[in-house]
Amino acid sequence: MSVEQVAVYMTELGQKARKASRVIARTPTAVKNAALLATAEAIEAAAERLVAANELDLQAGRDNGLDEAMLDRLALTPARLAAMVEGLRQVAALPDPVGAIRDMKFLPSGIQVGKMRVPLGVIGIIYESRPNVTVEAASLCLKSGNACILRGGSESIHSNRAIAECLREGLAAAGLPNEVVQVVETTDRAAVGALITMPEYVDVIVPRGGKGLIERISKDARVPVIKHLDGICHVYVDDRADFDKAEAIVINAKTHRYGVCNAMETLLVNQAVAEPFLKRVAPLYAAKGVELRGCAATCALLPEVVAATEEDWSTEYLAPILSIRIVADMDAAIEHINIYSSQHTDAMVSEDYTRARRFIAEVDSSSVMINASTRFADGFEYGLGAEIGISTDKIHARGPVGLEGLTSEKYVVFGDGHIRQ
């Protein structure tokens, strides 16, 4: 396609999505759930076809020199297909936020005023590699009453097209228009540029991918973006911490999974307990192959530690690397966090209730934790059922974004012939 043809194609998708958004916004919960469950059945029935389509993407990836990590993210294994099906059924079982009315109250004028939860409208989702995101994103948008336009990576185009066919089957089975969920069929990068600059058709963009992708979309978008750039997460071990709890938390926060946005990247330790605590956990990190980079005081305690640079404090490693800084007290820890944190997730380990309350109040992140691993920063773990992503912004949605985060509120007013005097 030429640039002009891509622009025309994307405009058509936008127009169809806007029209479909009005249909899905008024669709009863039972019908939305029926579409989700029918899609689950369609994916189960099409398992062989989905794997065959995915193999085309995997072979193309191998031919193009994709590394093993990228190929792993791209693969649709039987376990991942089963997880897609289970995810659809879980979303169907979640409460529907649309139409819920809260804070109804009578005012002196006699009118009754409240707020009702409503869909955002049309959501554009841009993502890389993982074809299972197609189902995750579509299911959340559908359940929250939104139409969506999904633009996956070019490396997963065959998988996404096959999944899109299953989504269309599910929508048709429930009597809903295909245009409620549309997958961009072209791999042309101009499609992304068009999608993020159509405010007349798209209400919000959700990018899911690397920092480069999200920075570009944030810079160029003319549509609001729900996003986080990176996850520079901290754990501060206070001098009033329980060492058993602290050990479990700092090992889990770093080593449970490395390539995720809620993994700890910097460990802060109060100087009063630095020597016994760091000498306790350093061998555990070494056993797991984690490279330690530390401040001068840390290096003095642990000769095997590499000297940290200024860049280390603001780096999301997504790898078995951990930076360590010894701090004078909680004030110094909070100061470090508020300078270097990406406002994703930060935690403190302490048995001091007063300090814990201060930490929660003064650390400016989307999730702040006491005596818990940063790995809990996840929509499923927060009881949201599922998430479309995590937002570190402060407007509209912050933290894990579930069904409610894909809706807004409008005022509703009831009267009985009331007029303003």
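In the nomenclature of an unreviewed UniProt entry, the protein chain corresponds to Gamma-glutamyl phosphate reductase from the organism Halopseudomonas aestusnigri. UniProt's Function (unreviewed entry) comment on the protein chain is quoted here verbatim: "Catalyzes the NADPH-dependent reduction of L-glutamate 5-phosphate into L-glutamate 5-semialdehyde and phosphate. The product spontaneously undergoes cyclization to form 1-pyrroline-5-carboxylate." UniProt annotates the protein chain under Pathway (unreviewed entry) with the comment "Amino-acid biosynthesis; L-proline biosynthesis; L-glutamate 5-semialdehyde from L-glutamate: step 2/2."

Draft legend 1. How the structure looks around the sheet that holds strand β16 (residues 407–414). Read from one edge of the open sheet, 3 strands run β1-β2-β16, paired in antiparallel fashion. The open sheet has two free edges, formed respectively by β1 (101–106) and β16, since each of these has just one partner strand. Direction aside, neighbouring strands of the sheet carry axes that sit 20 degrees apart on average.

Draft legend 2. Spatial organisation of the packing of helix α13 (residues 330–340) against helix α14 (residues 353–362). Relative to each other, α13 and α14 sit at 20 degrees, their axes nearing to 11 Å. Classed by the angle they form, the pair α13 and α14 counts as roughly parallel. The hand of the α13/α14 crossing is right-handed. Side by side, α13 and α14 meet where M330, D331, I334, I337 and N338 of the first sit next to R355, R358, F359 and E362 of the second. Residue composition of the contact of α13 with α14, grouped by class: 4 nonpolar, 1 polar and 4 charged.

Draft legend 3. How the structure looks around a nonpolar patch on the surface. Taken together, F376, Y382 and L384 make up a surface patch of nonpolar side chains, about 260 Å² in accessible area. Tracing the sequence through the fold places L384 in the loop between β13 (367–370) and β14 (389–391).

Draft legend 4. Up close: empty space enclosed by the protein. As enumerated under the stated definition, the model contains 1 cavity of 30 Å³ or more in all. For the largest cavity, the calculated volume is near 50 Å³. Forming the walls of the largest cavity are L36, T39, L88, A138, S139, L142, L167, L171 and V181. Those elements that place two or more of their residues in the lining of the largest cavity are α2 (29–45), α6 (132–143) and α7 (157–173). With 3 residues, the single largest contributor to the lining of the largest cavity is α6. The residue makeup of the lining of the largest cavity, split by class, is 7 nonpolar, 2 polar and no charged.

What counts and how
Residues numbered from 1 in each chain as written. Predicted model: local features only at pLDDT ≥ 70, side-chain atom pairs only at ≥ 80, totals over all residues. Heavy atoms only, no water. UniProt positions renumbered as here; feature names shortened; annotations may be inferred. Pairing = 2+ DSSP bridges. Helix = DSSP H or I, 4+ residues; strand = E, 2+ residues; numbered from the N terminus. Axes fitted to C-alpha atoms, helices over the stretch in contact; angles between N-to-C directions. Parallel < 35°, antiparallel > 145°, perpendicular 65-115°, else oblique. Left-handed = near helix turned anticlockwise from the far one by under 90°. Contact = heavy atoms within 4.5 Å. Nonpolar A, V, L, I, M, F, W, Y, C, P; charged D, E, K, R; others polar. Patch = residues over 30% accessible without salt bridge, like charges linked within 9 Å, V, L, I, M, F, W, Y side chains within 5 Å. Areas by Shrake-Rupley, 256 points an atom, 1.4 Å probe, with all protein chains shown as cover. Salt bridge = Lys/Arg side-chain N within 4 Å of Asp/Glu carboxyl O. 1 Å grid on protein atoms, 1.4 Å probe; cavity = no way out; pocket = protein on both sides within 12 Å on 5 of 7 lines; lining within 4 Å. Points joined across faces, edges and corners; volume = space filled by probe spheres on them.

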